[in-house]
Amino acid sequence: MIWSFQSMKGQISGVRSDLSVTLVDKCTNIIILHEIEWTIYNIPIESNQNIKPIFGPKTFELKGNLTSHPHANSSFATTEGGFAYAYIVDSSITNFPIIHLFGVKKYSLYVTFWEPETTEFGPHFLLYQCDANYLAINECAAQIDGLGYYCRLNYEFIKPREFTISFLQSGAVLKYDTNYAKQLDLGPSWEYPLPYGGKITETYTDISRYQFTLSDQFGKQKDSFNSSNLSSFFSTSWIILPNNTFLAATLGKNNITIYSKNLPYFLKNDTGYENPLIEITYPPRNTIIPLGRRKITITYSNEISLSNNNNNNIYIYQINETIPILRQSISGKNCRVSSDKKTIIVETVLESTFNQRDKDYFIVVNNSFVKDAKYKEAIKGIRRNIWQFKTEAGESIHAATLTGLLRLNTNGTSNFTESRNSSGFFETIEDQLALTIPVERDRIEIINHKTDKSGSAGHEILQLKISSIKIYIFIYN
């Protein structure tokens, strides 16, 4: 039996984009499973690259014997970019050799976390215990509208019941919500969390008919739609896109039919940043800012503190045509917290960052850039293309032509040598520089080159000319 969790590049959850983790059953009999082997693999960027283990295998022992229920475990992403493993053990196997009357057993729910750049999973925290006929995990994930994580579970003792446990990475349980679940004879069903809160439940009774039910974050049914718009179960596949769109594709005899449906948002207190803990930013979203702006701020609803990890950065991008260009990276070490402990203040934005008139920008904030001041729990950041704004329009002031030197590194020099000084090599460099600086493509040109013989490697040096470069005058009152 294998449990696998794979990270996805660009996901709001914050899993490291180059890693996946696999958990493997080391025992031959699942009923007495008590040890997990885990390995971290790279995720190839190119299709021709191979998946390779980069750490492991390692093992950890469970706090008992894993229950035989098929939903006895769950692997999920953490806000800080690591992984977590929740599991249910049947304590009655160890503590009570004789099966309890009416099939009632003692179950325990544990969770353990693996943090980035560590070599072991952390302590195993006990989250819940009960006597029941069965206990199963529906899902575990990071909280969409708050701090920490949650697990939704089903158990039956006299009546079936669904409940949710909210907890922190420290193992502290914050909240326990429960309600009685109705006995519905609708056949097999699966539940999936939605990007903006709530869940979608897929249920089918035969191979030709199935339906989807939408519920809010409290489990109350809000909407449903059936397979009348789709084909049979086995010829249709579907996904939930990050923008909360249901997208299904049905394979016909000679064509593929696409069906889409915009799903409702269940996060009522979100201010547009896909993060309910953020109240407002400066610049605000979808506004116009003056050139040379040196300060940005982020205000949270909770008191916060700066993280001290190596990945607490803010990134400012400019969209050059359709390509995002990184203009500045700002470490949390160069930021400060306001006196009320709710606002991050960044006063180290370079004058040259917002220096292009009538251009689109967006800012990315890493997950765990800040932590909740009270619980020390990581807070989700802001993903790409959410915190967007534009610089003011107007006429530019032009300066005289500029010339400069560009020294190639070892790989660049090697590529230059292999190109045999071809014009195609220079054109590629010019294209890349025009995007990176950024500057209009027709204004940049490589006019000469020579070999730097001061070092043993002999790196190549290119002479650039940028015609009529634009400059701006900033006036501060």
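Trainee: Whenever I open this one, the side chain of Glu 139 confuses me. Can you help?
Mentor: Along the chain, Glu 139 falls in strand S9 (residues 134–142). Residue Glu 139 is classed as buried on the basis of its relative accessible area of 9%. Within polar-contact distance, the side chain of Glu 139 engages the side chain of Tyr 150 at 3.4 Å. Among the polar contacts listed, one links the side chain of Glu 139 to the side chain of Arg 152, at a separation of 2.8 Å. Other than its neighbours up to four places away in sequence, Glu 139 contacts Ser 74, Tyr 150, Cys 151, Arg 152 and Pro 193.

Trainee: Before we go on, may I ask you to explain the nonpolar core in this structure?
Mentor: Where a protein is soluble and globular, its nonpolar side chains tend to be buried together. Ile 314, Ile 344 and Trp 387 are the most contacted members of the largest nonpolar core, which has 28 residues in total. Taken together, the elements giving at least two residues each to this core come down to strand S22 (296–300), strand S24 (313–320), strand S27 (343–346), strand S28 (360–365) and strand S30 (382–391). Residue contributions to this core peak at four residues, all from S30. Listed in part, the 23 residues of the second largest apolar core include Leu 109, Val 111, Ala 132 and Ile 137.

Trainee: Explain the sheet that holds strand S32 (residues 402–407) to me, please; I cannot follow it from the model alone.
Mentor: What links the strands of a sheet is backbone hydrogen bonding, and the strands pair in either a parallel or an antiparallel sense. Pairing is antiparallel across the open sheet formed by three strands, whose spatial order is S32-S34-S33. The sheet is open, and its two borders are formed by S32 and strand S33 (444–451), each paired with just one other strand. Between one strand axis and the next, the sheet turns by 25 degrees as a mean value, whatever way the strands run. Where S33 meets strand S34 (residues 460–466), seven bridges bridge the pair, whose relative direction is antiparallel. Bridging across to S34, His 449 finds its partner in Leu 462. Along the sheet face, helix H3 (residues 423–436) touches S32, S33 and S34 and points at about 125 degrees away from the line of S33.

Trainee: What's the story with the sheet that holds S22 in this structure? I'm lost.
Mentor: Read from one edge to the other, the open sheet built from four strands follows the order S20-S22-S27-S26, with strand pairing classed as antiparallel. At either margin of the open sheet sits one strand with a lone partner, and together these are strand S20 (278–282) and strand S26 (336–337).

Trainee: Got a minute to help me understand the state of the cysteines in this structure?
Mentor: Defined simply, a disulfide is a covalent bond joining two cysteines at their sulfur atoms. Summed over all chains, the structure comprises one disulfide. One disulfide in the model links Cys 140 with Cys 151; its S-S distance is 2.0 Å. Every disulfide takes its handedness from the sign of the S-S torsion; for Cys 140 and Cys 151 that torsion is 110 degrees, giving right-handed. A residue pair is termed long-range when its members are at least 10 positions apart, and Cys 140 in strand S9 and Cys 151 in strand S10 (residues 149–157) qualify at eleven residues. The exposure class of Cys 140 is buried, given its relative accessible area of 7%. Overall, the relative accessible area of 0% leaves Cys 151 in the buried class.

Conventions and cut-offs
Sequence order as written defines the numbering, with residues in each chain counted from 1. For a predicted model such as this one, the threshold for reporting local features is a pLDDT of at least 70, and the threshold for listing and counting side-chain atom pairs is 80 or more; totals across whole chains, interfaces and linings nevertheless cover every residue. Hydrogens and waters are ignored; side-chain quantities use all the structure's heavy atoms. Only DSSP runs of H or I with at least four residues qualify as helices, and only runs of E with at least two residues qualify as strands; both kinds are numbered from the N terminus onward. Burial classes: relative accessible area under 20% of the type maximum marks a residue as buried, over 50% as exposed, and values in between as partly exposed (1.4 Å probe, protein chains only). The term polar contact refers here to a pair of N or O atoms within 3.5 Å; inside protein, the definition further demands a hydrogen-donor-capable atom paired with an acceptor-capable atom, and it admits residues adjacent in sequence only when both atoms are side-chain atoms. Whether two residues are in contact is decided by their heavy atoms: any pair within 4.5 Å suffices. Put simply, a nonpolar core is a bunch of buried Ala, Val, Leu, Ile, Met, Phe, Trp, Tyr and Cys residues held in one set by side-chain atoms that sit within 4.5 Å of each other. Between any two strands, pairing holds if DSSP finds at least two bridges. Here the axes come from fitting lines to C-alpha atoms, over the contacting stretch only for helices, and the angles between their N-to-C directions go from 0 to 180 degrees. Disulfide: a pair of cysteine sulfur atoms within 2.5 Å of each other.

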